[in-house]
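Residue-level structural notes
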Amino acid sequence: MRILISGVAGLVGSHLARRMAREHEVLALTHGDLDITDGAAVRRCVADAKPALIINCAVLQVDESEQEPARAQAVNVDGPGFLAGAASEIGAEMVHFSTQYAFDGEPVSRLPYTIEDAPRPVNNYGRTKVAGEAAVRAACARSFIVRTSWVYGSGKNSFLCTVANDLKAGRTVRAIDDIWSSTTFVDDLIERMMAIRAIGRYGTYHVVNEGVCTYYEFALEAGRLLGLARDRIDSLIEITHERDMKRVAARPRYTPLRCVLSEQLGLPPMRDWRAALAEYVGCG
Ligand SMILES: NC(=O)c1ccc[n+]([C@@H]2O[C@H](COP(=O)([O-])OP(=O)(O)OC[C@H]3O[C@@H](n4cnc5c(N)ncnc54)[C@H](OP(=O)(O)O)[C@@H]3O)[C@@H](O)[C@H]2O)c1
């Protein structure tokens, strides 16, 4: 199958392009190769390449979306809509990633969010991602929306991606203990996305590892998996609180996800977050 992937320099896109290239003909496009906010360029590129599947991994991140609302609209809403429209014109399928930040995360300890819960974002990233989902659905009936949460894997400089290596190297980390979500190992995200596409039931999916944790609990578990003594782990982790972070964009507090469609399709639960983290730590 020929697959066009946009935003391939990012965390999900880079892993996805490598994984898909094992079995498919992949056109892996960075921001420099294709700016998804350029509607004419998108149409031209898709018409030339004629992929059977388009996967959009391009996004404007959380704080940037708060600071630059026009760019957030262009990257997170208009661009996905252009890709979906172009997919529809050539009869291609589309996968578009979205986020647990569709939800407001209140109250803490509520049931995990399903697609039956109405989105209620608390920041402009969440609002534009929800609008982007709608733009994709409207433009391409043959689309899969894959909401995921706190994704980690090699190659990105984010807390979840680097904490295990930092602890291993004896570097101190600061870990937030008052927001909770599902975490997602990027390899698991990709395998499940491929399984969903193979089944071919279009709709909105929540793809995350089982279980809920804070960044602090994630760090503790990473230290344990590395075989560090508890007092050593405690000496390396400085606990911090989201409420003290003074961020540009607010973060929802409690956003674990559950996938009703995967359950209906008989897909097994994703592995627990600790098992996924064990594999990641083992690779490092
Ligand atoms: N990572 C997570 O924890 C997480 C959680 C939930 C959902 N998701 C979703 O997963 C998807 C992928 O996220 P990610 O973490 O892989 O993002 P990422 O690492 O920030 O990568 C995003 C990529 O998009 C590119 N991009 C930005 N504007 C673009 C444009 N106009 N045209 C083409 N490319 C553009 C960026 O390139 P430049 O840097 O060169 O601009 C970057 O390489 C997104 O839909 C996101 O909402 C991620």
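Preceding this paragraph is the structure being described.
Here's what I pulled together on the structure shown here. (Residues numbered from 1 in each chain as written. Predicted model: local features only at pLDDT ≥ 70, side-chain atom pairs only at ≥ 80, totals over all residues. Heavy atoms only, no water.)

**Structural notes on unusual backbone geometry**
One can expect most non-glycine residues to show negative phi and most peptide bonds to be in trans. Counted only if it meets this: The helix and strand labels rest on DSSP assignments: H or I over at least four residues marks a helix, E over at least two residues marks a strand, and numbering proceeds from the N terminus. Under the scheme applied here, a residue whose accessible area is under 20% of the maximum for its type counts as buried, over 50% as exposed, and between as partly exposed, the area being computed with a 1.4 Å probe on protein chains only.
The linkage connecting E106 with the following residue, P107, adopts the cis geometry, with an omega of -5°. Within the fold, P107 resides in the loop between β4 (93-99) and α5 (124-139). Residue K50 is not a glycine yet carries a positive backbone phi of 45°. Checked against the element boundaries, K50 lands in the loop between α2 (39-49) and β3 (53-56). Since its relative accessible area comes to 56%, K50 is described here as exposed. For W150, which is not glycine, the phi dihedral falls at a positive 40°.

**Some words on the site of the ligand**
Going by this rule: In these notes, residues near a molecule or strand are those with any non-hydrogen atom within 4 Å of it. Whenever a nitrogen or oxygen atom comes within 3.5 Å of another N or O atom, the pair is scored as a polar contact, on the condition that within protein one atom can donate a hydrogen and the other can accept it, and that pairs from neighbouring residues in sequence are kept only if both atoms are in side chains. The Shrake-Rupley method, run with a 1.4 Å probe, gives the accessible areas here. Residue values count only the displayed protein chains as cover. Here the term charged refers only to Asp, Glu, Lys and Arg, the term nonpolar to Ala, Val, Leu, Ile, Met, Phe, Trp, Tyr, Cys and Pro, and the term polar to all other amino acids, Gly among them.
With respect to spatial proximity, 26 residues lie near the ligand, and among them V12, H31, Y125, K129 and V151 are the closest. Take Q61: an N or O atom from its side chain is 3.1 Å from an oxygen atom of the ligand. Within the backbone of F97, one N or O atom sits 3.1 Å away from an oxygen atom of the ligand. Relative to its unbound accessible area of 900 Å², the ligand is 83% covered by the protein chains. Put simply, the parts of the chain that give the shell around the ligand at least two residues each are α1 (11-21), β4 and α5. Counting residues per element, the shell around the ligand draws most heavily on β4, which supplies three residues. Each residue belonging to the shell around the ligand can be placed in one class, and the counts come to 13 nonpolar, ten polar and three charged.

**Quick look at the pattern of salt bridges**
Keep this limit in mind: Only one rule defines a salt bridge in this text: a Lys or Arg side-chain nitrogen within 4 Å of an Asp or Glu carboxyl oxygen.
According to the stated counting rule, one finds 23 salt bridges in the structure shown. One salt bridge in this structure joins R43 and E89, with 3.2 Å as the shortest N-O distance. Of the two residues, R43 is situated in helix α2 and E89 in helix α4 (residues 69-90); the sequence distance between them amounts to 46 residues. Residue class for R43 comes out partly exposed when judged on its relative accessible area of 48%. Among the residues examined, E89 registers a relative accessible area of 54% and is labelled exposed. In this structure, R174 engages E238 in a salt bridge whose closest nitrogen and oxygen atoms are separated by 3.3 Å. Taken together, the positions of R174 in strand β7 (residues 173-176) and E238 in strand β11 (residues 237-240) put the pair 64 residues apart, joining distant regions of the chain. On the basis of relative accessible area, E238 is assigned to the partly exposed category, the value being 39%. Salt bridges here are not isolated pairs; linked through shared partners, they connect R19, E23 and E191.

**Some words on the packing of aromatic side chains**
So the rule is basically this: In this analysis, rings of Phe, Tyr and Trp, with Trp reduced to its six-membered ring, are considered paired at centre separations within 6.5 Å, and the interplanar angle assigns stacked below 30 degrees, edge-to-face beyond 60, and tilted for intermediate values. In this scheme, Lys NZ or Arg CZ marks a charge over a ring once it lies within 6 Å of the ring centre and within 35 degrees of the ring normal.
A complete count under the given rule lists eleven aromatic pairs for this structure. Each ring, one from Y101 and one from Y125, has its centre 5.9 Å from the other, and the planes form 85°; the classification is edge-to-face. Of the two residues, Y101 is situated in the loop between β4 and α5 and Y125 in helix α5; the sequence distance between them amounts to 24 residues. Look at Y101 and you get buried, because its relative accessible area is 8%. When the centroid spacing of 6.2 Å and the interplanar angle of 20° are considered together, the rings of F218 and W273 count as stacked. Of this pair, F218 sits in helix α8 (residues 215-225) while W273 sits in helix α11 (residues 273-283), and the two are 55 residues apart along the sequence. Connected via pairs of aromatic rings, a cluster forms that spans Y152, F185, F218, W273 and Y280. Looking at R110, its charged tip hangs above the ring of Y113, at a distance of 3.7 Å from the centre.

**A few points about the environment of F103**
The criterion, for reference: The contact criterion used throughout is that any non-hydrogen atoms of two residues lie within 4.5 Å.
Positionally, F103 belongs in the loop between β4 and α5. Classification of F103 as buried rests on a relative accessible area of 0%. Apart from the residues lying within four places of it in its own chain, the contact partners of F103 are Y113, T114, D117, A118, P119, R120, R147, H206, P252, T255 and L257.

**With respect to the environment of M94**
Looking at the element boundaries, M94 is found in strand β4. M94 gets classed as buried once you look at its relative accessible area, which sits at 0%. In this structure the C-alpha to C-alpha distance between M94 and R142, which are 48 residues apart in sequence, comes to 6.5 Å. Excluding anything up to four places from it in sequence, M94 contacts L53, I54, N56, P80, L83, A84, A87, V136, C140, R142, S143 and F144.

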